Amino acid sequence: MNITTICSVCLACSVLVCGLDVFSIVTREGRAHLSDIAWATLFVVVQALVFAWASQDLIVVDEGALTLASVVVVNVACMAAAHFSLLRREVSGKLLFAAAPSDWVAYRVISVPVALIALACAGALCVLAVELPYNYELENVKAFTLFVEWALLTAALIGLYFVGQRRGFLAALVPLASTFVGIAEYFVFLFKGQPLQPGDMMALGTAAAVAESYVYTITAQCLWGVTAGVLALCVCAVLAQFRRRPEELGGASFSPARRNAGMLANVIAGCTVLAAVVSNVTGVSYFAKYEINIDSWNISSSYTTQAYIPTFISACQLMVPDKPAGYSVDYAESLSAEYAAAYDASDLGPALNKARAAAEAQFGDVKPSVVAVMNETFSDLSIFDGMHAGYEGPQYFKSMGDCVSRGTFYTSVNGGGTTNTEFEFLTGGSLANFGPSVYPYTVYDLTRAKSLPKYFSALGYSTLAMHPQLGTNWNRVNAYRDLGFDEFLTYEDFAGADTLRGHVTDRATYDKVLEALESNPEPQFIFDVTMQNHSGYETGLLDEDDMIRLDIDGQSDQLIDEYVTVIRHSDEDLEYFVNRLRELDRPVILVFFGDHQPYMTLGYNNNWYPGEDEAVHARRVYQTDYIVWANYDVAGNEQASEYSDVSASFLGAEVLQKIGAPLTDFQKAHLELRRALPEISAACYEDAEASWHLPGVDSGVEATDKARSDFATMQYYQLFRDAKDIYCSHL
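Looking at the overall build of the chain
Within the chain one finds 26 helices and 13 strands. By the compact-globule yardstick of 27 Å for 731 residues, the chain fits well, its C-alpha radius of gyration being 30 Å. By sequence separation, contacts in the chain at least 24 residues apart represent 78% of the contacts at least 6 residues apart. As presented, the chain carries roughly 29100 Å² of accessible surface, and 59% of it is formed by carbon and sulfur atoms. Mean positive and mean negative side-chain charge positions of the chain (45 and 85 charges, respectively) differ by 12 Å.

Shown next, in the form of structure tokens:
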């Protein structure tokens, strides 16, 4: 018997049992209570959803008997819960009789403690509903953080139970939310290789825009989590009837005033408990008090070893930007000026650097347009030992021998979080100086932030951003305006464009760039955020003849195969774009980089490179590649593709240095900082002695540690100035 058959038979049995129950109740009592029917319907709906997944072959069966067991158990649990919901008045009556037979005084003494114990058990089931779907290392979760999660959920259950006058409908919100969070967390892990984080809450529109690209399979662990949620709901349903009027148990009936006083007491008790929860979440530092930290380079491990809800709360608290020690506006300004003066007097400045001097002299006459392409998920997976399959990466990109510069590009994200790479490039700030779960576009007020669009506008350039998706994704429509872009082209502007796997192709965006360059002779800064290579990678929308098939240690991986295939398409489109730029009769600088690696590399990195230094391990999956290319001869540069690695935060300053553009004090500071701090991201950083370290760990190199501190101070000033009105006011 297959899974679909099991689910269909169980669903039919549930409907039949519920129908017989309702018939029996109506025959015996004259009517069935609508609230009882509503509870039973809820459980049948859950069962119907499981059947829907099974009928679409979306339940992963590779766990064999364990999967079959989970399917049977979740169906039996739903069936039993629906049955008990319809008979809950009888069930609760028997429980009451056992606890306090016909004795109103005994009932009053024992009913609340019994309810609290039941809610504590429901809280434990809610913990399982949250953790089981996504956490395959549940045995490694710290006991204390599991206790914190249980305490929060149990307190929420108790508070809502009393506010709801000891009925179950409000308390039921907790197991419903727990089950939803657990399944949502599983899907985010499945599609991004990362947990659902606070910043993701600000980007639900972005998630919805790409939702159809994924296949929503569920596992046995998901079904175990749903089972736990169903059982917790069943407790709420039965407890809703675990109350009696005094006249039912031999006591005197309450007067209206006494009844109202009792209701008020319930509300006060419930609100007190809920207030304690809010006070704990907002008033206690989960990082300092509970030692719940977020590991920037291995965020997933933070959630799987510290329980999801406490870790999520800690991440929310860490979104508040820490003001650097000793910070003041005057100090930050003097620090920037100090670094700028050091640059001017160094071998980087035009006084001692002939190449820079020549480029400066040329820039004023040439004023090239600058096109920055942040290519979705563009990376070279050949760095993973050719994927153990002889994979050689994007061939045209790697063959470009006439670049102004090229090299490894260090990012703060893997598998998602595109917006953070563009934030680092456009502002020169680093996510290393924020919490790892922060998405600045959706959190912070960027109207005062210094940025490349504002910089180029001051030079007389027009500024254009484009992204062939919804403008509301990641709050770009507002963030781009705040950062100083004159115009933003979105999905509507690409109507009728060619697509690949449902996404607008890279070539279509390049044609838009070319159209802008050909229609406006004035210098422009154009920022193109592509979409073609976005996950998921099991769409099946590519022709088999088009697919690259890799034999990875004797096995195939559909995700990797589809990914490297779309990267080949990107590579071909890049060649097309560069050839078109060569033909333009105007000077253009092309800056091209990938925003992050696909999430699948995290697993391969862990499997193929175990036991190595953690920072080196992180560096491999938090890197892509970049090029700076020109269609004209840049003075002072041989344009022989000199290799120079760079972090996303420093790339803007490095480009301006190479092409001779004037530099702000902050940009000069970037270049000077790199002597002691060559690379930095939220995942790792490199010190002056070419050693790599995890964030939050001092390097032991005095110059590097000072550079990190100084960078944080100058970045805070560039973004927040006097630290007033830090947060975004429009989403």
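Quick notes on the side chain of S699
Locating S699 in the fold gives a position in the loop between β13 (692-693) and α26 (702-720). Here D705 takes part through its side chain, which lies 2.9 Å from a polar atom of the side chain of S699. Excluding residues that lie within four positions of it along the chain, S699 makes contacts with Y685, D687, H693, T704 and D705.

Let's talk about the pairing of strand β7 (residues 524-529)
Buried residues dominate β7, accounting for six of its six residues. Of the two faces of β7, the one carrying Q524, I526 and D528 and the one carrying F525, F527 and V529 are both buried. Inspection of the sheet shows strand β1 (residues 369-375) paired to β7 by five bridges, in the parallel sense. The residue of β7 that forms the bridge with A372 is F527. As defined by bridge partners, strand β3 (residues 462-466) adjoins β7 across five bridges and the pair is classed as parallel.

Section: the sheet that holds strand β12 (residues 685-686)
In sheet architecture, strand pairing relies on hydrogen bonds along the backbone and comes in two forms, parallel and antiparallel. On the basis of which strands lie adjacent, the open sheet formed by three strands has the order β11-β12-β13 and antiparallel pairing. Looking at which strands have only one partner, the edges of the open sheet turn out to be β11 (679-680) and β13. Both β11 and β12 contribute to a ladder of two bridges, which runs antiparallel. By the bridge assignment for β12, E679 is matched with E686.

Here's the deal with the side chain of R674
Considering the arrangement of structural elements, one finds R674 in the loop between α25 (665-673) and β11. Under the relative-accessibility criterion, R674 is labelled buried at 13%. Only 2.8 Å separates the side chain of R674 from the side chain of E679, close enough to count as a polar contact. If sequence neighbours within four positions are ignored, R674 has contacts with D645, V646, F650, E654 and E679.

Topic: the pattern of salt bridges
The tally for this structure, following the rule as stated, stands at 21 salt bridges. With a shortest N-O distance of 2.2 Å, R568 and D546 are connected by a salt bridge. Of the two residues, R568 is situated in helix α21 (residues 558-583) and D546 in the loop between β7 and α21; the sequence distance between them amounts to 22 residues. One network of salt bridges, in which partners are shared, links D347, E672 and R675.

Describing the packing of helix α6 (residues 143-163) against helix α7 (residues 173-192)
Here α6 crosses α7 at 145 degrees, and the two axes come no closer than 9 Å. Side by side, α6 and α7 meet where L153, A156, L157 and L160 of the first sit next to V174, P175 and S178 of the second. Looking at the contact of α6 with α7 residue by residue, the classes come out as six nonpolar, one polar and no charged.

Let's talk about helix α22 (residues 601-608)
Within α22, the full set of buried residues consists of T601, L602, Y604, N605 and W608. Mapping the buried residues of α22 onto a view down its axis gives an arc of 165 degrees, with all of them on the same face. Tucked into the core, α22 has its buried residues touching α21 and α23 (614-621).

Looking at the nonpolar core
If you look at the biggest cluster of nonpolar residues, it comprises 81 residues, and the most contacted ones within it are F43, L157, V230 and Y308. Ranked by residues supplied to this core, first place goes to helix α9 (residues 220-239) with twelve residues. If near-sequence neighbours (up to four positions away) are discounted, V230 is found in contact with F43, V46, A77, C78 and A81. Within the second largest apolar cluster, 71 residues are counted, among which are L426, A449, L656 and Y717.

Remarks on the sheet that holds strand β9 (residues 623-630)
Sheet architecture is open: eight strands sit in the order β4-β3-β7-β1-β8-β9-β2-β10, paired in mixed fashion. Of all strands in the sheet, those with a lone pairing partner are β4 (487-489) and β10 (646-647), marking the two edges. Note that β3 and β4 share three bridges and pair parallel. Bridge pairing in β4 places M466 opposite L489. Strands in contact with helix α20 (residues 506-519) are β1, β3, β4, β7 and β8 (588-594); relative to β7, the strand with the most contacts, it is inclined by about 170 degrees. On top of the sheet, α21 reaches β1, β8 and β9; it is set at about 170 degrees to β8, its chief contact.

Here's the deal with helix α11 (residues 299-306)
Here α11 lies mainly inside the structure; seven of its eight residues are buried. Taken together, the buried residues of α11 touch α6, α7 and α12 (308-318). Once α11 ends, the next one or two residues include A307, with phi positive near 75 degrees.

Considering the environment of A237
Positionally, A237 belongs in helix α9. Judged by its relative accessible area of 1%, A237 falls in the buried class. What A237 contacts, discounting residues up to four positions off in sequence, is W39, S85 and R88.

Notes on the pairing of β9
In terms of burial, β9 is largely enclosed, as eight of its eight residues are buried. Where burial is concerned, the two faces of β9 agree: the one with Q623, D625, I627 and W629 and the one with T624, Y626, V628 and A630 are both buried. Bridge analysis of strand β2 (residues 405-410) against β9 gives six bridges, and the strand direction is antiparallel. Within β9, the residue paired with S405 across the bridge is V628. In terms of strand pairing, β8 meets β9 through five bridges, oriented antiparallel. Bridged to V591 within β9 is V628.

Describing the packing of aromatic side chains
Inspection of the entire model under this criterion finds 41 aromatic pairs. Aromatic pair Y537 and Y563: ring centres 5.4 Å apart, planes at 80 degrees, arrangement edge-to-face. Pair noted here: Y537 is in the loop between β7 and α21 and Y563 is in helix α21, with a separation of 26 residues, a long-range link. Exposure remark for Y563: the relative accessible area of 0% places this residue in the buried category. Ring geometry for Y604 and W608: centres 4.8 Å apart, planes at 50 degrees, overall tilted. A residue pair is termed a helical-turn pair when its members lie 3 or 4 positions apart in one helix, as Y604 and W608 do in helix α22 at four residues. Exposure remark for W608: the relative accessible area of 18% places this residue in the buried category. The side chain of K512 reaches across the aromatic face of F494, ending 5.7 Å from its centre. For R708, the ring lying beneath its charged end belongs to Y685, and the centroid distance is 4.1 Å.

Definitions and cut-offs
Residues numbered from 1 in each chain as written. Predicted model: local features only at pLDDT ≥ 70, side-chain atom pairs only at ≥ 80, totals over all residues. Heavy atoms only, no water. Helix = DSSP H or I, 4+ residues; strand = E, 2+ residues; numbered from the N terminus. Rg over C-alpha atoms; globule rule 2.2 N^0.38 Å. Contact = heavy atoms within 4.5 Å. Areas by Shrake-Rupley, 256 points an atom, 1.4 Å probe, with all protein chains shown as cover. Lys, Arg positive; Asp, Glu negative; His and termini not counted. Charge placed at Lys NZ, Arg CZ, Asp CG, Glu CD. Polar contact = N/O pair within 3.5 Å; in protein donor to acceptor, adjacent residues only side chain to side chain. Buried < 20%, exposed > 50% of the residue type's maximum accessible area, 1.4 Å probe, protein only. Pairing = 2+ DSSP bridges. Salt bridge = Lys/Arg side-chain N within 4 Å of Asp/Glu carboxyl O. Axes fitted to C-alpha atoms, helices over the stretch in contact; angles between N-to-C directions. Nonpolar A, V, L, I, M, F, W, Y, C, P; charged D, E, K, R; others polar. Arc of directions from axis to C-beta. Core = buried A, V, L, I, M, F, W, Y, C linked by side-chain atoms within 4.5 Å. Phe/Tyr/Trp six-rings, centres within 6.5 Å; stacked < 30°, edge-to-face > 60°. Lys NZ or Arg CZ within 6 Å of the ring centre and 35° of its normal.

These results come straight from atomic positions and should not be treated as a statement about function.
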